[in-house]
Amino acid sequence: MPNRTQQMIKPEFRFGLGGVPIGSEFEVVTDEDAMKTLEASWNAGVRYFDTSPWYGLGSAERRFGMFLHNQPRDSYMISTKVGKLLKASPRNDSRSNFPYGNSPNNVAFDYTADGVKRSIEDSLQRLGIDRIDVVFVHDISSDNKLLPRPWQEEFAVALKGAFPALSRMRDEGIIKAWGIGVNTPEPILRVMSESDPDVCLLASQYSLIDHANALNNVFPVARQRGVSFVVGSALNAGFISGSPRYNYGKNSWDIPAGHIAKRDKLRAIAAQFGVDLRTAALQFSAAPDVVVALIVGAHTDEQALANASSMKATIPPAFWEELKRQQLIEQSAPLPLMPT
């Protein structure tokens, strides 16, 4: 089946800036820090920006908008999320979810058609721009412990509400594409079989540490359905590059011993071949044919520049051969092409 998103994602949109860190997910990030990060990304050639109302409960969208509203609108692509409405309150509990932030907002989950329309309108206000390119229905997944009901019940609401509403917006030209953005495979497999998404945000599921399920079970269905992927969290929330956490959530510090052991082996082989492991991880996650873009978070200008530079670095083929020889990556895993 033809891949509907391939033509929309121009080459300059294939590497993007993810908005999680700019929302003060992991540490305090000031407006000044955010502007430096966004400016460094732009100067390095980044033209795809992914954000969400959830990141910092409004602060990431506001910060992205402060920078992007000054750029020519047709020169960049932006994606954001729906499913979480924000409401300002003097008695908000935002710090329970974002302890490093200072948002005035509470969050309410809403996967209805009306909720989607309201969410997009709110995002446009925070961003200060006139349209959004790609919309992801956010965190309608088993790992989202904040959902008021089991994820399957919320999915049923979206199946009648959010999904057809977004399809109509796409068909009317209000948005260019939609999908879901989740950390687990089950909702992606369901939305591909039960609705008509264009592109899904595959977060935390295709990395050097963990990629077998996506490669063997999710990608084949996507090819049949003509669905593409934006890959997020290729570093497993910084774990591969040395952060003391694995993915997201309040227990992200509780890292499985097997993941630590695998990272140690990857580090040793990277050192043997003179390869930067973070660079290898990013290029690996961008390699599959169904992946149309890779988004990587940053909260400093140094990180933004390092990430952009990683996509241009050369990695010796012998490094990948050794990873396959030691069975650290799947034998059928696509490998990055050598830069031309």
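All of the points below concern the structure found in this document.

### With respect to helix 8 (residues 257-273)
And then number 1: For helix 8, with 17 residues, the first-to-last C-alpha span of 25 Å sits near the 24 Å given by 1.5 Å per residue.
And then number 2: Looking at helix 8, one finds that the buried residues are K262, R263, L266, I269 and A270. On an axial view of helix 8, the arc spanned by its buried residues comes to 130°, and they lie on one face. Facing away from the buried side of helix 8 by over 90 degrees, the exposed positions are A257, A271 and Q272.
And then number 3: Each element contacted by the buried residues of helix 8 is listed here: helix 9 (277-285) and helix 11 (317-325).
And then number 4: Where helix 8 ends, the next residue or the one after it, G274, has phi of about 65°, a positive value.

### Some details on the pattern of salt bridges
And then number 1: Tallying each qualifying case throughout the model produces 20 salt bridges.
And then number 2: Residue R73 is joined to D130 by a salt bridge in which the shortest nitrogen-to-oxygen separation is 4.0 Å. Of this pair, R73 sits in the loop between helix 2 (59-68) and strand 3 (77-82) while D130 is found in the loop between helix 3 (113-127) and strand 6 (134-138), placing the two residues 57 residues apart along the sequence.
And then number 3: Overall, the relative accessible area of 13% leaves R73 in the buried class.
And then number 4: Among the salt bridges present, the one from R190 reaches E194, with a minimum N-O distance of 2.8 Å. Taken together, the residues span about one helical turn, with R190 and E194 both in helix 6 (residues 185-194) at a distance of four residues.
And then number 5: R190 gets classed as partly exposed once you look at its relative accessible area, which sits at 26%.
And then number 6: Because the salt bridges share partners, they merge into one network encompassing R73, D74, D130, R131, D133 and K176.

What counts and how
- Residues numbered from 1 in each chain as written.
- Predicted model: local features only at pLDDT ≥ 70, side-chain atom pairs only at ≥ 80, totals over all residues.
- Heavy atoms only, no water.
- Helix = DSSP H or I, 4+ residues; strand = E, 2+ residues; numbered from the N terminus.
- Expected span 1.5 Å × (residues − 1).
- Buried < 20%, exposed > 50% of the residue type's maximum accessible area, 1.4 Å probe, protein only.
- Arc of directions from axis to C-beta.
- Contact = heavy atoms within 4.5 Å.
- Salt bridge = Lys/Arg side-chain N within 4 Å of Asp/Glu carboxyl O.

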